[in-house]
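Residue strings, one per chain:
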Amino acid sequence: MLRSQNPIQINATTTGFASPAEAYVDKRLDLNDLIVKDHYTTFYFKYSGPNVYGVTNGDTIVIDRTEDPKDGDLVILTDKTYFKLREYKGQKNLWGKVTWVLKKM
């Protein structure tokens, strides 16, 4: 077996022009960054029921439990048995505010 007294040194250099795409580096669009403010207080529901308030059967509703609703906002109310989609009018049995409605096209 032959051994070299001097280690081989390799210098990696590039030649030519850089790719035009190198200047355009953008983060991928992440819906969690857009929709979710707090992962611990955001919930997703698959809506099942009659078409009301522009929400149709099969839509996904995003609920944030920390947001304070104003009159007329869509909210989820609960009676400890069922969840109900309603407009907020000062109800006490508030579970969370609807922040997004996701529809499949």
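The structure this text deals with has already been given above.
Residues numbered from 1 in each chain as written. Predicted model: local features only at pLDDT ≥ 70, side-chain atom pairs only at ≥ 80, totals over all residues. Heavy atoms only, no water.

Engineer: Which parts of the structure should I look at to understand the overall build of the protein?
Structural biologist: Looking only at helices and strands, the protein features one helix and five strands. Mapped in sequence order, the helices and strands of the protein form the string α-β-β-β-β-β. For the protein, the residues scored as buried account for 25% of the 105 residues in total. Partitioning the contacts of the protein with sequence separation of at least 6, the portion at a separation of at least 24 is 40%. Total accessible area on the protein stands at roughly 9,200 Å², and carbon and sulfur atoms take up 53% of it. (Helix = DSSP H or I, 4+ residues; strand = E, 2+ residues; numbered from the N terminus. Buried < 20%, exposed > 50% of the residue type's maximum accessible area, 1.4 Å probe, protein only. Contact = heavy atoms within 4.5 Å. Areas by Shrake-Rupley, 256 points an atom, 1.4 Å probe, with all protein chains shown as cover.)

Engineer: Looking at this structure, I do not really get the sheet that holds strand S5 (residues 94–102). What am I missing?
Structural biologist: Strands pair in a sheet through their backbones, by hydrogen bonds, and they do so in one of two ways: parallel or antiparallel. The antiparallel open sheet is built from five strands, whose spatial order is S1-S2-S5-S3-S4. Either end of the sheet is taken by a strand with one partner, and the two such strands are strand S1 (42–46) and strand S4 (83–87). The average angle at which neighbouring strand axes cross in this sheet is 35°, direction not considered. Across five bridges, S1 lies against strand S2 (residues 60–64) in antiparallel orientation. Of the residues in S2, the one forming a bridge with Tyr 44 is Val 62. (Pairing = 2+ DSSP bridges. Axes fitted to C-alpha atoms, helices over the stretch in contact; angles between N-to-C directions.)

Engineer: I'm lost on the pairing of S5 in this one. Help?
Structural biologist: Residues in a regular strand point their side chains to alternate faces of the sheet. Sheet analysis places S2 next to S5, joined by five bridges and oriented antiparallel. Opposite Asp 64, over in S5, you have Lys 97 as the bridge partner. The pairing of strand S3 (residues 74–78) with S5 spans three bridges and is classified as antiparallel. When the bridges of S5 are listed, Leu 77 appears paired with Leu 94.

Engineer: Honestly, the nonpolar core in this entry has me stumped. Any pointers?
Structural biologist: Generally speaking, a soluble globular protein has its nonpolar side chains buried in company with each other. The biggest cluster of nonpolar side chains holds 10 residues, and these are Phe 45, Tyr 47, Val 55, Ile 61, Ile 63, Leu 74, Ile 76, Leu 85, Trp 95 and Val 98. For this core, the secondary structure elements donating two or more residues are S2, S3 and S5. When near neighbours in sequence (up to four residues on either side) are disregarded, Leu 85 contacts Tyr 47, Val 52, Tyr 53, Val 55, Ile 61, Leu 74, Val 75, Ile 76 and Val 98. (Core = buried A, V, L, I, M, F, W, Y, C linked by side-chain atoms within 4.5 Å.)

Engineer: Can you help me understand the environment of Asp 68 in this one?
Structural biologist: Considering the arrangement of structural elements, one finds Asp 68 in the loop between S2 and S3. Owing to a relative accessible area of 67%, Asp 68 belongs among the exposed residues under this scheme. Spatially, the C-alpha atoms of Asp 68 and Lys 97 are 7.1 Å apart, while their sequence positions differ by 29 residues.

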